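# Structural overview for review
Take a look at the letters that make up each chain.
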Amino acid sequence: MFHLIFSIPSWYVIARFVIPLAMPLVLKILLSLVVLLASQYLLISRFTPGGIFSPEMPRVVIILFNWAFGTVLFLAMTQLLIDIVAVIALALRHPFEIAPGARYLAAILAMVLATVGVHQAIRVPPVKDVTIKIKDLPREFEGYQLLQLTDLHITKLFNAAWTTKMVERAMTLDVDLILVTGDVIDGTLENRRNDVEPLKGLHAPDGVFAITGNHEYFFEQQRWTEHLATLGLQPLLNSHTIIKRGEAELVIAGLPDASASRRDAIGPDIEKALEGIPDDAPVVLMDHQPRNARNNAQHNVDLQLSGHTHGGLILGFDRLFVKPNAGFVSGHYDVENMQLYVNNGTALWPGMAVRLGRPSELTRITLQRKD
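The rules behind each value
- Residues numbered from 1 in each chain as written.
- Predicted model: local features only at pLDDT ≥ 70, side-chain atom pairs only at ≥ 80, totals over all residues.
- Heavy atoms only, no water.
- Pairing = 2+ DSSP bridges.
- Helix = DSSP H or I, 4+ residues; strand = E, 2+ residues; numbered from the N terminus.
- Contact = heavy atoms within 4.5 Å.
- Axes fitted to C-alpha atoms, helices over the stretch in contact; angles between N-to-C directions.
- 1 Å grid on protein atoms, 1.4 Å probe; cavity = no way out; pocket = protein on both sides within 12 Å on 5 of 7 lines; lining within 4 Å.
- Points joined across faces, edges and corners; volume = space filled by probe spheres on them.
- Nonpolar A, V, L, I, M, F, W, Y, C, P; charged D, E, K, R; others polar.
- Buried < 20%, exposed > 50% of the residue type's maximum accessible area, 1.4 Å probe, protein only.
- UniProt positions renumbered as here; feature names shortened; annotations may be inferred.
- Salt bridge = Lys/Arg side-chain N within 4 Å of Asp/Glu carboxyl O.
- Domains from an automatic or database assignment.
- Patch = residues over 30% accessible without salt bridge, like charges linked within 9 Å, V, L, I, M, F, W, Y side chains within 5 Å.
- Areas by Shrake-Rupley, 256 points an atom, 1.4 Å probe, with all protein chains shown as cover.

The next thing to look at is the sheet that holds strand β5 (residues 234–235). Taken in spatial order, the six strands of this open sheet run β1-β12-β2-β3-β4-β5, and their pairing is mixed. Two strands lie at the open edges of the sheet, namely β1 (127–135) and β5, each paired on one side alone. As judged from the four bridges shared by strand β2 (residues 145–149) and strand β12 (residues 362–370), these two strands associate in the antiparallel manner. In the strand pairing of β12, L146 is matched with I365. Set on the sheet, helix α6 (residues 160–171) makes contact with β2, β3 (177–181) and β12; between it and β12 the angle comes to about 30°.

Okay, here's the thing in structure tokens:
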């Protein structure tokens, strides 16, 4: 069913774009096969050692598959728009015939959009500056800066070379603290060891802390947590640490991903994570998925940092991500007096590496006092 759903844009393109083209039947058949193949990247990935979450195939092949599927998707959307206009014109008794040149222009537009979308997805992201005001933030933490990284999905696509460039850019920001909010990897430790090695270059005066995302639980989460800790990504799983500035304190807490309990691992326990914290210290909570924000807000959390949604990938398509994530998809939200920031992602899952209007980001967050 999963792969059938992904094939729907291809069938639409074949029926409404390929078949009406003025070309020999054999060419239509070949083009239809190419279009259908473009939609089955995930099915093909199942037969690689890493499966659909970490296809162990050359990076250029992964890029080409994503570009091809993006082209089919955008062409299906363009063709659907043309068909809707045609139906409306017919209903108004002003039917028109689509010029052959219009179809070719639609195909060119789809290829251009796919090219831009894939480039937006796989680049090392630019810095995004976000200011968040926290009630009664101690004066000592006014202007405190942290870098949020999330959804790195280090794989054959986001490999050692990409990770090295990302770390180099991150280290130019000179922040006080680095927080990594899950989905660091896709793949086994054996396959990803070299690709994650550059992460040891991440450092900040107050440390580098990390939580798990749902993808860690697909690939021996405990081994990965321990290995990433050797690279300097200290785990905060149902636990916290306290940052001090003189007598002032700031709590940094973290939860395992909500899917952990379904993977025979310890699930999130916010009461345990916040056990023993100072009464008057602001709390910054890392929780990979934003959907539990309303519950977390009931525990006097001041700021929750999440990822997981990839920002919805494509402007307009992000509406499909709203319900599964309790309404939180991209950006800054006020949730019952708790601030929530949902990061679009430093990278994304290679199974759908296309972005338009929902750019990746290196997120530098500056804390300010809200009186």
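Continuing now.
Applying the stated criterion across every chain yields a total of two cavities of 30 Å³ or more. Taken as a whole, the largest cavity encloses approximately 90 Å³ of empty space. Together, V184, A210, I211, T212, E216, W224, T225, L228, L233, P235 and L237 line the largest cavity. Looking at the lining of the largest cavity, the elements with two or more residues in it are β4 (208–211) and α8 (221–230). Here the lining of the largest cavity gets three residues from one element, more than from any other, and that element is α8. Among the residues forming the lining of the largest cavity, the class breakdown is eight nonpolar, two polar and one charged. In this structure, the second largest cavity occupies an estimated 50 Å³ of space. Every residue along the wall of the second largest cavity is listed here: F6, A38, S39, Y41, L42, N66, F69 and G351.

Relative to the helices and strands, M111 resides in helix α5 (residues 100–122). Assessed through its relative accessible area of 34%, M111 is described here as partly exposed. When the C-alpha atoms of M111 and H215 are compared, they prove to be 30 Å apart, with 104 residues separating the residues in sequence. Excluding anything up to four places from it in sequence, M111 contacts W67 and T71.

This next bit is on the UniProt feature "transmembrane region" (unreviewed entry) in the protein chain. According to UniProt, the "transmembrane region" (unreviewed entry) feature falls on residues 21–44 and 64–92. The straight-line gap between the two end C-alpha atoms of residues 21–44 is 28 Å; of that span, 75% is helix and 0% is strand.

Looking now at unusual backbone geometry. Its identity is not glycine, yet E220 carries a phi of approximately 50°, on the positive side. For E220, the location among the structural elements is in the loop between β4 and α8.

On to the pattern of salt bridges, then. Under the defined criterion, the tally for this structure stands at twelve salt bridges. Ionic pairing is found between R364 and D129, a salt bridge with its closest N-O pair at 2.6 Å. One end of the pair, R364, is in strand β12; the other, D129, is in strand β1, and 235 residues separate them in sequence. For R364, a relative accessible area of 18% corresponds to the buried category.

Attention now moves to the layout of surface pockets. Each pocket or cavity is described by its volume, and for the largest pocket that value is around 890 Å³. Along its surface, the largest pocket is lined by 27 residues, and F6, L313, F321, W349 and M352 are the ones closest to its centre. When residues in the lining of the largest pocket are grouped by element, the largest group, five residues, is from helix α1 (residues 2–18). By residue class, the composition of the lining of the largest pocket is 18 nonpolar, eight polar and one charged. Composition of the lining of the largest pocket by domain shows at least three residues from each of domain 1 (1–122) and domain 2 (127–369).

With that settled, consider the UniProt feature "domain: Calcineurin-like phosphoesterase" (unreviewed entry) in the protein chain. Here, the residues flagged by UniProt with the feature "domain: Calcineurin-like phosphoesterase" (unreviewed entry) are residues 146–311. Between the first and last C-alpha atoms of residues 146–311 the distance is 20 Å; the span itself is 23% helix and 22% strand.

As a further point, take the sheet that holds strand β6 (residues 239–245). The six strands lie next to each other as β6-β7-β8-β9-β11-β10, forming an open sheet whose pairing is mixed. The sheet is open, and its two edges are formed by β6 and β10 (331–335), each paired on a single side. Across the sheet, the axes of successive neighbouring strands diverge by a mean angle of 20°, strand direction being ignored. As defined by bridge partners, strand β8 (residues 283–286) adjoins strand β9 (residues 303–306) across three bridges and the pair is classed as parallel.

Turning next to a nonpolar patch on the surface. A surface patch of nonpolar side chains, about 590 Å² in accessible area, is lined by L25, V26, L27, I29, L30 and L33. Here L33 falls in the exposed class, since its relative accessible area comes to 52%.

So, on to the pairing of β10. Examined bridge by bridge, β10 and strand β11 (residues 338–342) share five bridges and lie antiparallel to one another. Paired with Y333 across the bridge in β11 is L340. Taken together, β10 and the strand that follows it, β11, pair antiparallel across an intervening segment of two residues, in which E336 is found at a positive phi of about 50°.

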